[in-house]
Amino acid sequence: MRLDETTRGDFPILERVVNGRRLVYLDSAASSQRPRTVIEAMTRYYERSHANVHRSIHTLGEEATELYELARDRVQRFIGAAAREEVVFTRGTTDGLGLVAETIGRTLRAGDEIIVTEVEHHSNLIPWQLVARDRGAQLKAVPVLADGSLDLQALDRLLSPRTRVVAFAHVSNVLGTIIPVAEIVRRARTAGALTVVDGAQAAPHLRLDMSALGCDFYVFSSHKMLGPTGIGVLYGRRAVLDSLEPGRGGSEMIKEVWIDHAQWNDLPWRFEPGTPPIAEAVGLTAAIEYLEKLGMDRVAEHEGALAARAVKGLGALPGVRVFGPPVGVPRGAVVAFAIEGLHPHDVAALLDAEGIAVRAGHHCAMPLMRCLGVVGTSRASFSVYSGPDEVDVLVDAVAGLRSKL
Ligand code: C6P
């Protein structure tokens, strides 16, 4: 049985009818939908166990703490981290990248260099711009090539003894390119730089193994991988986390406080100030359990096949340009395209009228749009519940728009 045939019934929202048609949800890269088990786990938590964590010595407080810390164990296993102390909960990818940039930023000096890439989402660009401006550091970008891959020879030229950080996406949210993380980490480490990987579009799609990737930091959001909004993960290699002062302060991240100084808590709580997203952690546990039951290799294979079908189908239509790696090259679960003579926003609105949800615009990647020579694109993206029939509905609808032009 195909993956979407076994999963569709678990997602109540997919029963919706939109504009008179059965919903075809092809916007999972912006935010995926949630299976019933995630919704029910969060409801059960609120109905039975809610209290604050790590502070209340009563039954509910202990239950909530146990559930919150269980989520950390689940994440550790899901991403192949060596220790639970390496898993820090954040509010999402943007929050996690901001936290890393602020924290590393404090150690930067004038003349230090930060390398990003031209495919970055603004969330992995703006925090580095802010840090570079404040510390007098320089920001450089690895160019993207015509086939959607990164120019790794240019990376070698950009790396220097002044390079302190190399920050890059694992999977581009526009091109779908799968970036060779381990290879870039190897080169960056030889130059003595820290590596920060934006895994927002990879965590929902690929089997992750931090020890194989070797990066210092890896960041992702729960809401793109069947979990709730409002929680994300920052993985940090223990030795590196240990060497850094926390970038943000408040309750729960300290052991002892005096008026003019404080002693930091142990890892990972040192980087989790304030009341964390507890119900969201419970939901994330349920999402991970759901994905693990399906098997991430099967998920990647399913979504990869859908992306390949869309690239082929859309690419065969006259006047349609498909961005990213060519047919045959593995890609993430996104396919961005442009229809000659139609603004991407009009494409999205016309498809919505047929019950098809795609995203349109610059996808928070304006520098990449400039490289591609477009103001924006339309983008279809897939998850475990997306099916080949839905890709075909999209391709037929796009063909229909072209013929109406
Ligand atoms: N991209 C998209 O439609 P948050 O919003 O913090 O959960 O994730 C930010 C983010 C960071 N990096 C990458 C590669 C991303 O794709 C995203 C989110 C969505 O492409 C919304 S802009």
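Above this text you will find the structure in question.
Residues numbered from 1 in each chain as written. Predicted model: local features only at pLDDT ≥ 70, side-chain atom pairs only at ≥ 80, totals over all residues. Heavy atoms only, no water.

## Brief notes about the nonpolar core
Membership of the largest hydrophobic core comes to 77 residues, with the highest contact counts inside it found for Val-75, Ile-79, Tyr-218 and Val-384. The contact partners of Val-75, leaving out residues within four places of it in the chain, are Val-87, Phe-89, Phe-220, Val-233, Leu-284 and Ile-288. The next biggest cluster of nonpolar side chains, apart from the first, holds 28 residues, and it includes Leu-351, Val-358, Leu-394 and Leu-401. (Core = buried A, V, L, I, M, F, W, Y, C linked by side-chain atoms within 4.5 Å. Buried < 20%, exposed > 50% of the residue type's maximum accessible area, 1.4 Å probe, protein only. Contact = heavy atoms within 4.5 Å.)

## Some words on the packing of helix α12 (residues 344–352) against helix α14 (residues 388–404)
Between α12 and α14, the shortest axis-to-axis distance is 11 Å and the interhelical angle comes to 115 degrees. Once α12 is placed against α14, the crossing between them reads as right-handed. Seen from α12, the contacting residues are Val-347, Leu-350 and Leu-351; seen from α14, they are Leu-394, Ala-397, Val-398 and Leu-401. (Axes fitted to C-alpha atoms, helices over the stretch in contact; angles between N-to-C directions. Helix = DSSP H or I, 4+ residues; strand = E, 2+ residues; numbered from the N terminus. Left-handed = near helix turned anticlockwise from the far one by under 90°.)

## What about the side chain of His-122?
Looking at where His-122 falls in the secondary structure, it is placed in the loop between β5 (113–117) and α5 (126–135). A distance of 2.8 Å separates the side chain of His-122 from the backbone nitrogen of Met-366, its partner in a polar contact. Ignoring sequence-local partners within four residues, the contact set of His-122 consists of Pro-127, His-362, Cys-364, Ala-365, Met-366 and Pro-367. (Polar contact = N/O pair within 3.5 Å; in protein donor to acceptor, adjacent residues only side chain to side chain.)

## A short note on the site of the ligand
If you check the shell around the ligand, you find 16 residues, and the closest are Thr-94, Asp-198, Gln-201, Ser-221 and Arg-359. Between the ligand and the protein, one listed contact pairs an oxygen atom with a backbone N or O atom of Thr-93 at 3.5 Å. By residue class, the composition of the shell around the ligand is four nonpolar, eight polar and four charged. Of the residues that make up the shell around the ligand, three or more belong to each of domain 1 (39–292) and domain 2 (295–404). (Near = heavy atom within 4 Å. Nonpolar A, V, L, I, M, F, W, Y, C, P; charged D, E, K, R; others polar. Domains from an automatic or database assignment.)

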